[in-house]
Amino acid sequence: MSGTEHLTVQREGATLVLTLNRPEAKNALSLPMLVGLYDGWIEADQDDRVRSIVLTGADGCFCAGMDLKAMAGRGMEGQRYRHRLTADPDLHWKAMLRHHRPRKPVVAAVEGPCVAGGTEILQGTDIRVAGESATFGLFEVRRGLFPIGGSTVRLPRQIPRTHALEMLLTGRPYTASEAAAIGLVGHVVPDGGALERALEIAERINACGPLAVEAVKASVYETAEMTESDGLAAELKRGWPLFDTEDAKEGARAFAEKRPPVYKRA
C-alpha cells in the first residue's frame, strides 16, 4: 500500500483508510501528505478489492489547512517529493480533490479542526461525519487570501448560497452543529466517534453491488448541472446496462434465497 511519513494507509476490510498524520502541525497539508493522498485515491480506484474510502486525521484533528513552508519543500522530507510536483504540477489540486473525483465513495471522519484547506478537501468527499467538537471554516479572507481550492465554486452548490457566502466572506469558524444545520456535514457524533461511524457507513456501502455504487455516484455528479431532461437521459444511459450484469442477477438471487449477496464486479 502507498503512504508517506505524513499520511498513513491501511485496509479495514473493503475500505481503504487514509489518515492525515502530522499531528504536531495539526495535520496541516505538506507535500509528503499531498503526494500520499493522491497516491491513495489512485490506489483505491485501481484495486477492485477496495469498495470505499475513509479520510480522517490523526490525534483528534482533521486538517488545519495548508502549511506554506512545508509546501515550498524547504525541509528534507519535502525535497524528496519535489520531483512528483515537477512531473505533475496539478498533483496538489488532485490530492485535495479539487478536480479529481475517485470512483469509489469517500467518507470523511472529522475530529477537531477542519479549517481552510481542510474544509476545502472536505468538499471533495461524498459523506461526512463530525465529532461534536469539530470546527469548520474558510479563513482565507481574514488573511487577505483567496480559498483557491474550489470553495467559491463548490460550496454554493453543496449548501444554500446564503450560508456559503457567509462562510466565505466572514471567515468565521463554525461548530459541528452549525455545519450540520447548513448541510456541510451529515452526521454529528460524540467526540472520538467519527471514525467508527464513518467505517459503519463505509461497511454498508461495501455490502452493496460495487458496479451499482460506482454508477450511482458517477450519475449524481455527472447530472448535477444538467437540465432535468438531459439528466434523466444521462441517468438512463448509465444505469440501464447495470440490469444485465451478473451482479444484478446475484442481487435478485440473494434476495430470493434470503442470504447476503456475493458480488464479483461482473
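Just so it is clear, the structure is predicted and the values come from calculations on it, not from any experiment.

So, about the pattern of salt bridges. Within the structure shown, the criterion is met by 19 salt bridges. With a closest N to O distance of 2.8 Å, lysine 217 and aspartate 126 form a salt bridge. Taken together, the positions of lysine 217 in helix α11 (residues 210-222) and aspartate 126 in the loop between α6 (117-122) and β6 (127-131) put the pair 91 residues apart, joining distant regions of the chain. Residue lysine 217 is classed as buried on the basis of its relative accessible area of 8%. Members of the salt-bridge network, linked through shared partners, are Asp48, Arg103, Glu214 and Arg265.

This part takes up the nonpolar core. Counting 47 residues, the largest nonpolar core has Leu18, Leu37, Leu55, Val110, Phe136 and Leu184 as its most contacted members. Excluding anything up to four places from it in sequence, leucine 37 contacts Leu7, Leu18, Leu20, Leu55, Ala95 and Ile121. Counting twelve residues, the second-largest nonpolar core is a separate cluster that includes Val54, Ala109, Val189 and Ile201.

With mixed pairing, three strands are arranged side by side in an open sheet as β5-β7-β8. With one partner strand each, in any of the chains shown, β5 (113-115) and β8 (174-175) form the two edges of the open sheet. Pairing between β5 and strand β7 (residues 135-137): three bridges, direction parallel. In the sheet register, proline 113 faces β7, and the bridge partner there is threonine 135.

Take the packing of helix α7 (residues 151-158) against helix α8 (residues 161-170) next. One way to put it is that α7 packs onto α8 with a least axis distance of 7 Å and a crossing angle of 145°. Read as a crossing pair, α7 and α8 show a hand that is right-handed. In contact with Ser151, Thr152, Leu155 and Pro156 of α7, α8 contributes Ala164, Met167 and Leu168. Per-class residue counts for the contact of α7 with α8 are five nonpolar, two polar and no charged.

Attention now goes to the sheet that holds strand β9 (residues 187-189). Ordered by their spatial adjacency, six strands build an open sheet running β1-β2-β3-β4-β6-β9, and the pairing between neighbours is mixed. Across the chains shown, the open sheet's two edge strands, defined by having one partner strand only, are β1 (7-12) and β9. Looking at each pair of strands side by side, their axes are set apart by 20° on average, direction ignored. Examined bridge by bridge, β6 and β9 share three bridges and lie parallel to one another. Within the sheet, the bridge partner assigned to glycine 131 lies in β9 and is valine 189.

Cut-offs applied
Residues numbered from 1 in each chain as written. Predicted model: local features only at pLDDT ≥ 70, side-chain atom pairs only at ≥ 80, totals over all residues. Heavy atoms only, no water. Salt bridge = Lys/Arg side-chain N within 4 Å of Asp/Glu carboxyl O. Helix = DSSP H or I, 4+ residues; strand = E, 2+ residues; numbered from the N terminus. Buried < 20%, exposed > 50% of the residue type's maximum accessible area, 1.4 Å probe, protein only. Core = buried A, V, L, I, M, F, W, Y, C linked by side-chain atoms within 4.5 Å. Contact = heavy atoms within 4.5 Å. Pairing = 2+ DSSP bridges. Axes fitted to C-alpha atoms, helices over the stretch in contact; angles between N-to-C directions. Left-handed = near helix turned anticlockwise from the far one by under 90°. Nonpolar A, V, L, I, M, F, W, Y, C, P; charged D, E, K, R; others polar.

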